[in-house]
Amino acid sequence: MGNIRFVSENQEIIAADGANLRIKALENQIDLYTFTGKMMNCGGYGQCGTCIVEIVEGIDNLPPRTEAEARILKKKPDSYRLACQTIVNGPISVQTKPQKRK
């Protein structure tokens, strides 16, 4: 089990090991998408890059980036992940919509 802490939302949720980050966020009403992403997201297939998050703590509790992530995030810091492709295996802290904050 690992807690997922969403920094900006000041919300923490409990997730079983192997949980998908995007699914857990949406189940708990965490808004992952910018305006454009809300209208044009791929529904979790790793094709659009609209569910980008930054892992602030606990990156060691995630598997390596998938091929889709490597392609879409190749110019982004290693701490950036696609929520739809991220499997959580322990406690992490997540910054949603990091591209809007930089």
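What counts, and at which threshold
- Residues numbered from 1 in each chain as written.
- Predicted model: local features only at pLDDT ≥ 70, side-chain atom pairs only at ≥ 80, totals over all residues.
- Heavy atoms only, no water.
- Pairing = 2+ DSSP bridges.
- Helix = DSSP H or I, 4+ residues; strand = E, 2+ residues; numbered from the N terminus.
- Axes fitted to C-alpha atoms, helices over the stretch in contact; angles between N-to-C directions.
- Core = buried A, V, L, I, M, F, W, Y, C linked by side-chain atoms within 4.5 Å.
- Buried < 20%, exposed > 50% of the residue type's maximum accessible area, 1.4 Å probe, protein only.
- Contact = heavy atoms within 4.5 Å.
- Salt bridge = Lys/Arg side-chain N within 4 Å of Asp/Glu carboxyl O.
- Patch = residues over 30% accessible without salt bridge, like charges linked within 9 Å, V, L, I, M, F, W, Y side chains within 5 Å.
- Areas by Shrake-Rupley, 256 points an atom, 1.4 Å probe, with all protein chains shown as cover.

Student: Describe the sheet that holds strand β4 (residues 52–57), with residues and values.
Tutor: Overall, mixed pairing links the five strands, which are arranged β2-β1-β7-β4-β5 in an open sheet. Of all strands in the sheet, those with a lone pairing partner are β2 (11–15) and β5 (80–82), marking the two edges. With direction set aside, neighbouring strand axes in the sheet form an average angle of 35°. Bridge analysis of strand β1 (residues 2–6) against β2 gives five bridges, and the strand direction is antiparallel. If you follow N3 over to β2, its bridge partner there is I14.

Student: Describe in detail the nonpolar core, supporting the description with residues and values.
Tutor: In terms of nonpolar packing, the biggest core is built from 23 residues, with I4, F6, L21, L32, I92 and V94 touching the most fellow members. Secondary-structure elements contributing two or more residues to this core are β1, β2, α1 (21–27), β4, β5 and β7 (92–96). With residues up to four places along the chain from it excluded, the contact list for F6 reads Q11, I13, L21, A25, I30, V94 and T96.

Student: Go over the pattern of salt bridges, please, and point to the residues and values.
Tutor: Between side chains of opposite charge, pairing is possible as soon as their charged atoms come close. Following the criterion strictly, the structure yields four salt bridges and no others. Put simply, D31 and K38 hold a salt bridge, and the shortest N to O gap is 3.0 Å. For D31, the salt bridge identified is with K97, shortest N-O distance 3.2 Å. With D31 in the loop between α1 and α2 (35–40) and K97 in the loop between β7 and α4 (98–101), the pair connects residues that are 66 residues apart, well separated along the chain. We classify D31 as partly exposed; its relative accessible area is 29%. Each of D31, K38 and K97 takes part in a single network of salt bridges with overlapping partners.

Student: Outline a nonpolar patch on the surface, listing residues and values.
Tutor: Side chains of F35, M39 and M40 sit close together on the surface and give an oily, nonpolar patch of about 420 Å² of accessible area. For M40, the location among the structural elements is in helix α2.

Student: Mind laying out unusual backbone geometry, listing which residues take part and the relevant values?
Tutor: For N10, which is not a glycine, the phi torsion comes out positive at approximately 50°. The exposure class of N10 is exposed, given its relative accessible area of 71%. With a phi angle near 55°, Q29 is a residue other than glycine that sits in the positive phi range. With respect to the helices and strands, Q29 occurs in the loop between α1 and α2. Overall, Q29 belongs to the exposed group, its relative accessible area being 68%.

Student: Which residues make up the pairing of β4, and what values do they have?
Tutor: One ladder, built from three bridges, connects β4 with β5; its direction is antiparallel. Its bridge partner being in β5, E54 is matched across the sheet by Y80. Examined bridge by bridge, β4 and β7 share four bridges and lie antiparallel to one another. Along β7, the bridge assignment pairs E54 with Q95.

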